[in-house]
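Working through the structure, step by step
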Amino acid sequence: MTSLDTPVGLLLVNLGTPDAPDPPSVRRYLAQFLSDPRVVDLPRPLWLPILYGIVLNTRPKKSAQAYQSIWNHDIGEGPLKTITRRQAERLAARKFDGKAPVIVDYALRYGSPSIASQIEALMAKGCERIALLPLYPQYAASTNASVADAAFAALMRMRRQPALRIGAPYYDDPAYIDALAAGVRRGLAALDFEPEVVLASFHGLPQAQVDRGDPYRQHCEETWRLLGAALGMAEDRLRLSFQSRFGPAKWIGPYTSDVVAELAESGVKRLAIVAPGFSADCLETIEELGVEIRELFLEKGGEKFARLPCLNDSDEGVALIETLARREIAGWV
Ligand SMILES: C=CC1=C(C)c2cc3[nH]c(cc4nc(cc5[nH]c(cc1n2)c(C)c5CCC(=O)O)C(CCC(=O)O)=C4C)c(C)c3C=C
Ligand SMILES: [Fe+2]
Ligand SMILES: [Fe+2]
């Protein structure tokens, strides 16, 4: 056995979710998430008193109710965790065999299983080479860079470090665009109505982070443009918006809530929403889009509303992750 035969670790990484849908668990989760300087990049002496004095005393109760409503109570976890685990399980069933075996698992940036604990678990299984696949198609420092920070923070504590690779964003990758287009086509075909407009809603970002050079908005716009071209939908049929605004600062727009209200008020009766930036359904898609945004559309005069599922662990979703994974471990297996 040479070092080239040792197992290669492959970790799918997504954002994370609380351990339970109750206020103390959500508080712990939000404390970890929102104290990450990649997420809220205000000076610590300014932000931490706001976080601990206001946000963590008010938001956990409200968010816990929202998590309650989407929770997979039978297995005791949030949908993002369930879906990410299934993506890893389905990926592990694919044949990666070459010189070296591949061990597939998943990690969550916030909550558990953590990136550090999963890197350590792979090393305990003999992995000296580990590839991380952040499941964020569009690059943002708050997501992608934060995954890299957590991985390297884990490595900083090690004498003997594994070799590490971290997957690139894939916002314009034909494999991603094709998978999205197939998902949208299938989603639309399953509806009992034909939407006049399909809205592509991406998670937002503070405008200040974009102004400081984050390419996130440009990546989202490119995904939207390519998806429209793949589906043969013009800009007024496939619209673009940004959701999940957090805090009082300006976020990138147009906001999903504004676009949906404006569409309904201008006489659009049938609307479908897809969330191409989320690789797994989660609070932001199931509850925010599927419940809050649906209610808004109907309140403002809309009649038919559908939320299309994310790629999740669908055949297209797993085939996409496999393509990205093979690229990342090329030369190692
Ligand atoms: C898809 C990419 C994401 C980016 C970019 C992103 C940036 C970002 N998010 C917040 C604040 C919150 N986000 C929350 C939930 C959440 N965010 C993403 C993804 C991105 N966030 C996902 C997948 C989820 C859902 C997690 C789940 O458990 O299902 C939340 C928590 C929920 C709540 O309390 O409402 C907050 C808060 C900021 C500030 C930010 C960029 C600066
Ligand atoms: Fe978020
Ligand atoms: Fe939200």
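A count of helical and extended segments in the protein gives 11 helices and 8 strands. In terms of C-alpha radius of gyration, the protein reaches 20 Å, essentially the compact-globule figure of 20 Å for 333 residues. With respect to the principal axes defined by its C-alpha atoms, the protein has extents near 70 × 50 × 45 Å. When each of the 333 residues of the protein is scored for burial, the buried share is 44%. Put simply, 80% of the contacts in the protein that link residues at least 6 apart link residues at least 24 apart.

Glancing now at the site of ligand 1. In the vicinity of ligand 1, 22 residues are found, and the nearest of them are Thr-17, Ser-63, His-203, Cys-282 and Leu-283. Among the elements of the structure, α2 (44-70), α5 (141-156) and α10 (283-299) are those that each provide at least two residues to the shell around ligand 1. For the shell around ligand 1, the residue count by class is 12 nonpolar, 8 polar and 2 charged. If you count residues domain by domain, the shell around ligand 1 takes at least three from each of domain 1 (3-170 + 316-329) and domain 2 (174-307).

Here the focus is the sheet that holds strand β2 (residues 102-110). Across the sheet, which stays open at both edges, the 4 strands sit in the order β2-β1-β3-β4 with parallel pairing between neighbours. Of all the strands in the sheet, the pair left with one neighbour each is β2 and β4 (163-166). Pairs of neighbouring strands in the sheet enclose a mean axial angle of 25°, with direction left out of account. Here strand β1 (residues 8-16) pairs with β2 via 8 bridges, running parallel.

Now for the pairing of β4. Along any regular strand, the residues point their side chains to alternate faces of the sheet. Bridge count between strand β3 (residues 129-134) and β4: 4 bridges; the pairing is parallel. The residue bridging Leu-132 from the neighbouring strand is Ile-166, located in β4. Read as a crossover between parallel neighbours, the route from β3 over α5 to β4 is right-handed.

As a further point, take the packing of helix α3 (residues 79-92) against helix α11 (residues 315-329). To characterise two packed helices, one gives the angle between the axes of the helices and the distance between these axes. As a packed pair, α3 and α11 sit with axes 10 Å apart at the nearest point and diverge in direction by 65°. Between α3 and α11, the crossing angle belongs to the class labelled roughly perpendicular. The two elements α3 and α11 cross, and the hand of that crossing is right-handed. Every residue of α11 that contacts α3 at Gln-87, Arg-90 and Leu-91 is listed here: Gly-317, Val-318, Ile-321, Glu-322 and Ala-325.

Okay, the environment of Ser-146 next. Mapping Ser-146 onto the fold places it in helix α5. Put simply, Ser-146 and Leu-132 are 14 residues apart on the chain and 12 Å apart in space, counted from C-alpha to C-alpha. Residue contacts for Ser-146: discarding those within four places in its chain leaves Asp-36, Arg-38, Val-39 and Arg-109.

This part is about the nonpolar core. Among the nonpolar cores identified, the biggest contains 90 residues, and Leu-10, Leu-11, Val-13, Leu-133 and Ile-273 are the most heavily contacted of them. Mapped onto the domain boundaries, this core takes at least three residues apiece from domain 1 (3-170 + 316-329) and domain 2 (174-307). When near neighbours in sequence (up to four residues on either side) are disregarded, Val-13 contacts Ala-107, Arg-109, Ile-115, Leu-132, Leu-133, Pro-134, Leu-135 and Val-147.

Helix length check: helix α6 (residues 174-189), at 16 residues, gives a terminal C-alpha distance of 22 Å against a target of 22 Å (1.5 Å per residue), a fit within 8%. When we look at burial in α6, the residues that qualify are Tyr-176, Ile-177, Ala-179, Leu-180, Ala-181, Gly-183 and Val-184. Where the residues of α6 are buried, they touch β5 (197-203), α8 (216-231), β7 (270-274) and α11.

If you check the domain split of the protein, you get domain 1 (3-170 + 316-329) and domain 2 (174-307). Each of domain 1 and domain 2 has a C-alpha centre, and the two are 24 Å apart. The partner domain 2 presents 21 residues to the 24 residues of domain 1 that form the contact. Breaking the side of domain 1 that touches domain 2 down by element, the ones donating at least two residues are α2, α3, α5 and α11. Residue contributions to the side of domain 1 that touches domain 2 peak at 5 residues, all from α11. Its residues placed into classes, the side of domain 1 that touches domain 2 shows 15 nonpolar, 7 polar and 2 charged.

Right, let's get into unusual backbone geometry. In this structure, the amide linkage connecting Ser-112 to the following residue, Pro-113, adopts the cis form with an omega of 0°. Within the element layout of this structure, Pro-113 appears in the loop between β2 and α4 (115-124). Between Gly-253 and the following residue, Pro-254, the backbone shows a cis peptide bond with an omega angle of 5°. Mapped onto the elements of the fold, Pro-254 is located in the loop between β6 (238-243) and α9 (256-265). One non-glycine residue with positive phi stands out, namely Ser-244, at about 60°. Positioned with a positive phi, Asn-312 is a non-glycine residue whose angle comes to about 45°.

Low pLDDT marks stretches whose predicted atomic positions should not be read closely. Summing up the model confidence of the protein, the mean pLDDT is 97 and the portion of residues at 70 or higher is 100%. With pTM at 0.97, the complex prediction returns an ipTM value of 0.93.

Conventions we followed
Residues numbered from 1 in each chain as written. Chains lettered and ligands numbered in written order. Predicted model: local features only at pLDDT ≥ 70, side-chain atom pairs only at ≥ 80, totals over all residues. Helix = DSSP H or I, 4+ residues; strand = E, 2+ residues; numbered from the N terminus. Rg over C-alpha atoms; globule rule 2.2 N^0.38 Å. Buried ≥ 20, exposed ≤ 12 C-beta atoms within 10 Å, placed from the backbone. Contact = placed C-beta atoms within 7 Å. Near = placed C-beta within 6 Å. Nonpolar A, V, L, I, M, F, W, Y, C, P; charged D, E, K, R; others polar. Domains from an automatic or database assignment. Pairing = 2+ DSSP bridges. Axes fitted to C-alpha atoms, helices over the stretch in contact; angles between N-to-C directions. Right-handed = clockwise from strand over helix to strand, strands pointing away. Parallel < 35°, antiparallel > 145°, perpendicular 65-115°, else oblique. Left-handed = near helix turned anticlockwise from the far one by under 90°. Core = buried A, V, L, I, M, F, W, Y, C linked by C-beta atoms within 7 Å. Expected span 1.5 Å × (residues − 1). pLDDT = per-residue confidence, 0-100.

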